[in-house]
Structure formats: structure tokens, C-alpha cells
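The lines below spell out each chain.
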Amino acid sequence: MFSLLQGIKMSVKVAINGYGTVGKRIADAVDQQKDMEIVGVSKRTPTYEAELAAEKGFPFYAASDKYLKAFDEKDIPVEGMFDEMLEVADLIVDATPKGAGYKETFEKAGIKAIWQGGEKHSLTGLSFNSMANYEEAYGADYVRVVSCNTTGLLRTLYPIHVDIGFDKCNAVMIRRSADPWDTKRGPINSIDPVLNIPSHHGPDVQSVVPDIDIQTTAVKVPTTLMHLHSVIVDLKEDVDTDHILKLWEKTPRIKFFEASQGVDSTAKIMEWAKDRGNFRGDLNEIAVWKDGTQVKDGTLYYYQAIHQESDIIPENVDAIRSMMEMEEDKMKSIQLTNAGMSIE
Ligand code: NAD
């Protein structure tokens, strides 16, 4: 889709529906790419986020007349109505809460669309992770980028699945209770087990790579910074710890931390991200404790931490490139996305 017109590279036009935690991050990540641009954002309420986005020059489109009036009252310029946004965009990224139900609208408008992990696999029939199935999404009309936890599991398990193979993986998801801004959700003084076994994360990994054997359980804890996974994998080959670390070293979007460097908690990882000057203090990579990774008698044990709001963002950018047939090679897309987003 990189078409050269009189020496000018055409950029793919992307619209965002739902400008919240995930939507605003995807808009910025798209804006940071040279081969795509934001042509419209649809938000219902004129919050401070809408004001900031308008300052960045993102064109706003109103979901209905009711919302148009609210934007007018706040002096936030509105480019047009939602239907008009669908006409100017090549692809829409839907980042509304699960079940908002826009599929029919997008189908009628004949526009390609990406949904997020809150939706079910059946909505698109194609669940996405950049390393695992970039090729499958090539030219696709509808794709779902899997959730933050599933993305985290796939980032570290997929290279092991391909390189060594494993008979079984058991993983415990220690989940943060809410996003940091969210003062409504809990628990605030409790640990809540998810009593459905397996938790939905294992089947969700299989929605991308069906032949990965994985069982997951989950607990919710009173923290907002990150999720943490404790992962146990029965390897097919008795490789040593160094083999696993080298494999991850050459896998994009995995970042090692070491307790011996003072990074022994999710709080310290988030502090590192801020100190490094990461945009918004986000961490798009999956954090793996190097000194918490060990192979013993053919079984791999490791801990990883997931920055829930941001690990899926580069995946959305790669999904756009694949669906719009802009780049066939997943590694090239990953490199482009990472460069635009300043991911190491
Ligand atoms: P959010 O509540 O932060 O943002 C949703 C935005 O959509 C808000 O701006 C809201 O005003 C708007 N909205 C709500 N209903 C709408 C509608 N009917 N039409 C248009 N706009 C509407 O939600 P979020 O956390 O960004 O989640 C979006 C999706 O991303 C969900 O599928 C969620 O499961 C997934 N996700 C969230 C996270 C996370 O950490 N927050 C991580 C991974 C995936």
C-alpha cells in the first residue's frame, strides 16, 4: 500500500472510535508513524482529553447531534458527524468499551476495522498478535487485537513454542484491579480469585495460536500499576536458562529487568519507565525479570509484568499495516512501529 505518487508517500488514513485509555494511546502511536495518519477521532463527551486532542490537531467527529451541542458549548471544533468520518478513513480502530456494537455500522460503511481485547474472538474470527500471526491479518477486513494479558503471554511464549516447543504451560495472572485513573473499581482491600477455571486468558492465547497447550488462573489484587504473571512451562527440550534468555533477547518488545539493579517490583518498573522518559510513562514492552527466570529439570519458571494500558498499542499499529497491505514482512512492520514509538 506504500504507493509512490510523484515521489510523495501516501499515508493510510486512520480513524479512532472511543478516545479513552486505549484509544488516545493508539491515536498518538499512529500519529508517530510516517506511513499513517489520524484523520478523525470520535468521542462522545468533551472531556479534558478531547481538549488536549484538539490541541494536537486531531479532527473530532460527533457521534450524534446531542454530542455535537456538548462540543460546541466547550468550544471544541467539530469536523463533522460520525458517518462522515467513516467516509474519509481507510480503517477505523474501535477502542470503545466491550459490546458497544459498531460492527454493523462499519460493515454498512464498507470500512476495515480493528477491535480490542474486551471483545470476543467471534466478533472478527481473527485475533491478532504481531509475532504470532501478522501474516494471517494481511488484507483482512476485521481484526481483534487480543487483551493486554494475552499479548503478554504470547510475547514470551510464542518464541519458545516455535524454537523449543512445550508440552504444557500453567500461568497465574495476578491482575491489577483498575487503570490508575479509575477511582470506581476495586478491590481496595481484598484479593479476589477468579473462580472460573481456566480463566479466559488461556483460551484467548489459543484464539491466536490454537496448538499452544496452556491453562491459566487469575486473581485480582488492589494495585493499579501493572499485571504480573507467574508462568511455569514444561519444555520439550532440556535447554538451560541462558538459552531462554538469548531467545527472548532477540524477540522484539520484551524488556529485561533485574532485581540486582534495584528493579524488584512493578512499582520500580513503572518508575524506570518514567525515568527513561517514556511517553506518558508507559511501557509497551513486556517486563521479564532476568534473575527470576530459571530452567530446572526441563521446566521453565519466570515472572513477567504487563503495563496494561500500553503493551497492546504497537500491536494495533502492526495490525493496521498488515490489514492495509502496507508491509508484508512482520519484522519490518515491528521495526517501523518501534522506531516511531521510540521502543528500544
Ligand atoms: P475507556 O473506558 O478508558 O475508554 C472508552 C472510551 O469510549 C471513552 O472515551 C468513552 O467515553 C467512549 N465510549 C463509551 N461508549 C461509547 C460508545 N458507545 N460510542 C463511542 N464511544 C464510546 O476504555 P478502555 O480501557 O480504553 O477500553 C477500550 C477497549 O480496550 C476495551 O475492549 C478494553 O477491554 C480494551 N483494553 C483495555 C485495556 C486497559 O488497560 N484499559 C487494556 C487492553 C485492552
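Residues numbered from 1 in each chain as written. Predicted model: local features only at pLDDT ≥ 70, side-chain atom pairs only at ≥ 80, totals over all residues. Heavy atoms only, no water.

## A word on the site of the ligand
The ligand sits among 21 residues. The nearest are Thr21, Val22, Tyr102, Asp179 and Gln308. In this structure, a nitrogen atom belonging to the ligand sits 3.2 Å away from a side-chain N or O atom of Arg44. Within the side chain of Asp179, one N or O atom sits 2.7 Å away from a nitrogen atom of the ligand. Cavity membership is defined here by more than half of the atoms lying within 2 Å of grid points; on that basis the ligand lies in the largest pocket. Tallied by class, the residues present in the shell around the ligand amount to 8 nonpolar, 8 polar and 5 charged. When residues of the shell around the ligand are assigned to domains, at least three fall in each of domain 1 (12-146 + 312-341) and domain 2 (148-306). (Near = heavy atom within 4 Å. Polar contact = N/O pair within 3.5 Å; in protein donor to acceptor, adjacent residues only side chain to side chain. 1 Å grid on protein atoms, 1.4 Å probe; cavity = no way out; pocket = protein on both sides within 12 Å on 5 of 7 lines; lining within 4 Å. Sits in = over half its atoms within 2 Å of the grid points. Nonpolar A, V, L, I, M, F, W, Y, C, P; charged D, E, K, R; others polar. Domains from an automatic or database assignment.)

## Side note on the confidence of the model for the protein chain
On average, residues of the protein chain score 95 in pLDDT, and 97% of them reach the 70 mark or higher. Confidence drops under a pLDDT of 50 for residues 1-9, and excluding neighbours within four residues, the segment shows 12 contacts in the predicted structure. (pLDDT = per-residue confidence, 0-100. Contact = heavy atoms within 4.5 Å.)

## Section: the packing of aromatic side chains
For any pair of aromatic rings, the description consists of the separation of the ring centres together with the inter-plane angle of the planes. Scanning the entire structure with this criterion turns up 9 aromatic pairs. Between Phe257 and Trp272 the ring centres are 5.1 Å apart and the planes differ by 85°, which places this aromatic pair in the edge-to-face class. Pair noted here: Phe257 is in strand β15 (residues 254-257) and Trp272 is in helix α10 (residues 266-275), with a separation of 15 residues, a long-range link. According to the relative accessible area criterion, Trp272 is partly exposed, its value standing at 24%. Looking at Lys255, its charged tip hangs above the ring of Phe257, at a distance of 5.8 Å from the centre. (Phe/Tyr/Trp six-rings, centres within 6.5 Å; stacked < 30°, edge-to-face > 60°. Helix = DSSP H or I, 4+ residues; strand = E, 2+ residues; numbered from the N terminus. Buried < 20%, exposed > 50% of the residue type's maximum accessible area, 1.4 Å probe, protein only. Lys NZ or Arg CZ within 6 Å of the ring centre and 35° of its normal.)

## So, α10
When we look at burial in α10, the residues that qualify are Thr266, Ile269, Met270 and Ala273. Across the axial projection of α10, the buried residues extend over an arc of 95°, all falling on one side. Of the exposed residues in α10, the ones pointing more than 90 degrees away from its buried face are Lys274 and Asp275. Buried residues along α10 sit in contact with β14 (227-235), β15, β16 (286-289) and β18 (299-306). Following α10 by one or two positions, Gly277 adopts a phi angle in the positive range, close to 85°. (Arc of directions from axis to C-beta.)

## Let's talk about the side chain of Asn278
By the element assignment, Asn278 lies in the loop between α10 and β16. Taking the relative accessible area as the measure of exposure, Asn278 reaches 14% and is therefore buried. Polar contacts involving the side chain of Asn278 include one to the side chain of Arg276, which spans 2.5 Å. Apart from the residues lying within four places of it in its own chain, the contact partners of Asn278 are Trp272, Ala273 and Leu283.

## Digging into the pattern of salt bridges
A pair can form between side chains of opposite charge whenever their charged atoms are brought close. For the coordinates displayed, the defined rule picks out 25 salt bridges. Ionic pairing is found between Arg25 and Asp282, a salt bridge with its closest N-O pair at 2.8 Å. Placement of Arg25 in helix α1 (residues 21-31) and of Asp282 in the loop between α10 and β16 is noted, with a sequence separation of 257 residues between them. Taking relative accessible area as the criterion, Asp282 reaches 6% and is therefore assigned buried. Each member of the salt-bridge network shares a partner with another, and the members are Asp35, Arg155, Arg253, Glu315, Asp318 and Arg321. (Salt bridge = Lys/Arg side-chain N within 4 Å of Asp/Glu carboxyl O.)

## Digging into the layout of surface pockets
Once rolled over the atoms, a probe with the size of a water molecule shows which space is left empty. Roughly 1,600 Å³ of internal volume is contained in the largest pocket. Forming the walls of the largest pocket are 48 residues, and the residues nearest its centre are Thr96, Pro97, Lys98, Gly118 and Arg185. Sorting the residues of the lining of the largest pocket by element identifies α1, α7 (148-163), β11 (166-176) and α8 (201-206) as the ones contributing at least two each. Per-element accounting of the lining of the largest pocket gives the leading share, 3 residues, to α8. Lining the lining of the largest pocket are residues from two domains, each supplying at least three of them: domain 1 (12-146 + 312-341) and domain 2 (148-306). (Points joined across faces, edges and corners; volume = space filled by probe spheres on them.)

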